[in-house]
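Architecture and fold: a report
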Amino acid sequence: MTLLATTSIAAISLYAMLATVYKSAQVFHARRTTISTTPAKDIETNPVPSVDVIVPCFNEDPIVLSECLASLAEQDYAGKLRIYVVDDGSKNRDAVVAQRAAYADDERFNFTILPKNVGKRKAQIAAITQSSGDLILNVDSDTTIAPDVVSKLAHKMRDPAVGAAMGQMKASNQADTWLTRLIDMEYWLACNEERAAQARFGAVMCCCGPCAMYRRSAMLSLLDQYETQLYRGKPSDFGEDRHLTILMLSAGFRTEYVPSAIAATVVPDTMGVYLRQQLRWARSTFRDTLLALPVLPGLDRYLTLDAIGQNVGLLLLALSVLTGIGQFALTATLPWWTILVIGSMTLVRCSVAAYRARELRFLGFALHTLVNIFLLIPLKAYALCTLSNSDWLSRGSVAIAPTVGQQGATKMPGRATSEIAYSGE
């Protein structure tokens, strides 16, 4: 047996053992519960908090923005609700005039137009400084939320120990392509396995940017750190959701997940857009994992296992795949043990997901294993080698206003607007 074959077998075996322990613990802790963690005395005695919804937008598609604003206008919330829409120097302002005009007479809406593009964080802060609600809900401009989302997230936040809470993310354009279907399943797993398990211990490690609520008093105390994040002396502008979540945990607050608060966001429908998004997310994840390390000792031991499973597991899988490819290239023999282990683990994971979600479509998530091995692992390796790069890779794009054809039918541009608009992890 060659050194490459031995290394591949050892790496994939270690990966299998680590992944089995990690994923088993994750599914165990992520099991559904109907028990509220909000103290009853706080629910009964505290007044209904006021909520400010902040929507930064940059070159957003007019129809997508209209759907977002409509979902906010339709919120069924007993408390005071204000909605702040911040145009961050968009180049398509003329195309969204109608969307602003539609809510000009609604006293809940406030529109701010920044003279130039300053970035998502500063756009959010521009709204925060002029708002006054007890709670702040960040919503991406390509996201629609269910009518009860504000109520459900605000209910969770009535526990004063909770600094942030996120809802369940879905793909609004799930049916568009095979990729959007795959991403929708990826979101379900990320929310209902990873985040749900972390929430068992009040430590969701990333409250997703498209729909996340924060306590104003906590956010104000962290605003300077949030706005001026640096990596190796350079401004770090993306990954704002993960960074703010880690800051909340570092300050001693709990971060929660509310699966019944449903938010639907536009996801990439082409591989190029998807990979550029994943590159940004990988860089921010690696950066903020380093920031989170000092926080882990103060959290439950499961969170340490979670960090090891996600990072060490990725390295072991990458090593086993790399050595397996080397074995095939140099000896013309297939790494059968590596293929068998990866295949069987994929089958088990997809079957468990299909059972938990009660949806057979999750058996098709096996396709994600190929995407992960041949595209995402090399991309994450590249991200690790280019952590200092803070390029959004899409900020220069401009959304095109829909046009009307001869028969009066509206023609929509491609759904790649999900990358053009601000979107979090």
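The rules we used
Residues numbered from 1 in each chain as written. Predicted model: local features only at pLDDT ≥ 70, side-chain atom pairs only at ≥ 80, totals over all residues. Heavy atoms only, no water. UniProt positions renumbered as here; feature names shortened; annotations may be inferred. Core = buried A, V, L, I, M, F, W, Y, C linked by side-chain atoms within 4.5 Å. Buried < 20%, exposed > 50% of the residue type's maximum accessible area, 1.4 Å probe, protein only. Helix = DSSP H or I, 4+ residues; strand = E, 2+ residues; numbered from the N terminus. Domains from an automatic or database assignment. Contact = heavy atoms within 4.5 Å. Axes fitted to C-alpha atoms, helices over the stretch in contact; angles between N-to-C directions. Left-handed = near helix turned anticlockwise from the far one by under 90°. Nonpolar A, V, L, I, M, F, W, Y, C, P; charged D, E, K, R; others polar. Phe/Tyr/Trp six-rings, centres within 6.5 Å; stacked < 30°, edge-to-face > 60°. Lys NZ or Arg CZ within 6 Å of the ring centre and 35° of its normal. Salt bridge = Lys/Arg side-chain N within 4 Å of Asp/Glu carboxyl O. Pairing = 2+ DSSP bridges.

Looking up the protein in an unreviewed UniProt entry gives the name N-acetylglucosaminyltransferase, with the organism given as Rhizobium johnstonii. As its UniProt record puts it under Subcellular location (unreviewed entry), the protein is described as follows: "Cell membrane". Per UniProt, the protein has the following entry under Sequence similarities (unreviewed entry): "Belongs to the NodC/HAS family."

**Regarding the nonpolar core**
Within the largest apolar cluster, 93 residues are counted, with the highest numbers of intra-cluster contacts made by Val51, Val53, Leu72, Leu137, Leu153, Met213 and Met219. With eleven residues, the single largest contributor to this core is helix 7 (residues 178-199). Counting only domains with at least three residues in this core, you end up with domain 1 (3-20 + 303-385) and domain 2 (51-270). When neighbours within four sequence positions are excluded, Leu72 is seen to be in contact with Val53, Val55, Leu81, Ile83, Arg108, Val139 and Ile145. In this structure, Ala16, Leu18, Val341 and Leu387 belong to the second largest nonpolar core, which totals 20 residues.

**Quick word on the packing of helix 5 (residues 120-128) against helix 8 (residues 216-227)**
As a packed pair, helix 5 and helix 8 sit with axes 12 Å apart at the nearest point and diverge in direction by 140°. Relative to helix 8, helix 5 is oriented so that their crossing is left-handed. Only Arg216, Met219, Leu220, Leu223, Tyr226 and Glu227 of helix 8 make contact with helix 5, whose side of the interface consists of Arg121, Lys122, Gln124, Ile125 and Ile128. Split by residue class, the contact of helix 5 with helix 8 holds six nonpolar, one polar and four charged.

**Observations regarding the packing of aromatic side chains**
One pair of aromatic rings is described through two measures. These are the centre distance and the angle between the planes. All chains considered together, the criterion is met by four aromatic pairs. Considering the side-chain rings of Tyr103 and Phe109, the 4.5 Å spacing of their centres and the 25° angle between planes classify their relative orientation as stacked. With respect to class, Tyr103 is no different from Phe109; both count as buried. Arg31 extends its terminal NZ or CZ atom over the ring of Phe28, reaching a point 4.5 Å from the ring centre. Residue placement shows Arg358 over the ring face of Tyr355; its charged tip is 4.4 Å from the ring centre.

**With respect to the pattern of salt bridges**
Taken as a whole and judged by the stated rule, the model has twelve salt bridges. The closest approach of N and O atoms between Asp148 and Lys152, which form a salt bridge, is 2.9 Å. Judged by relative accessible area, Asp148 falls into the partly exposed class, the value being 27%. Taking the relative accessible area as the measure of exposure, Lys152 reaches 28% and is therefore partly exposed. Among the ionic pairs, Arg361 bridges to Asp184, the shortest N-O distance being 3.0 Å. Here the residue Arg361 occupies a position in the loop between helix 12 (336-357) and helix 13 (367-385), and Asp184 occupies one in helix 7, the gap between them amounting to 177 residues. Owing to a relative accessible area of 28%, Arg361 belongs among the partly exposed residues under this scheme. Judged by relative accessible area, Asp184 falls into the buried class, the value being 4%.

**Some words on the sheet that holds strand 5 (residues 143-145)**
On the basis of which strands lie adjacent, the open sheet formed by eight strands has the order 3-2-1-4-7-6-10-5 and mixed pairing. This sheet does not close on itself; its edge strands, each paired only once, are strand 3 (109-114) and strand 5. On average, adjacent strands in this sheet sit at an angle of 30° to one another, irrespective of strand direction. One ladder, built from seven bridges, connects strand 1 (residues 51-57) with strand 2 (residues 81-88); its direction is parallel. Counted as the bridge partner of Val53 is Ile83 from strand 2. Packed on one face of the sheet, helix 6 (residues 149-156) meets strand 1, strand 2, strand 4 (135-139), strand 5, strand 6 (162-171), strand 7 (211-215) and strand 10 (254-265) and runs near 175° to strand 10.

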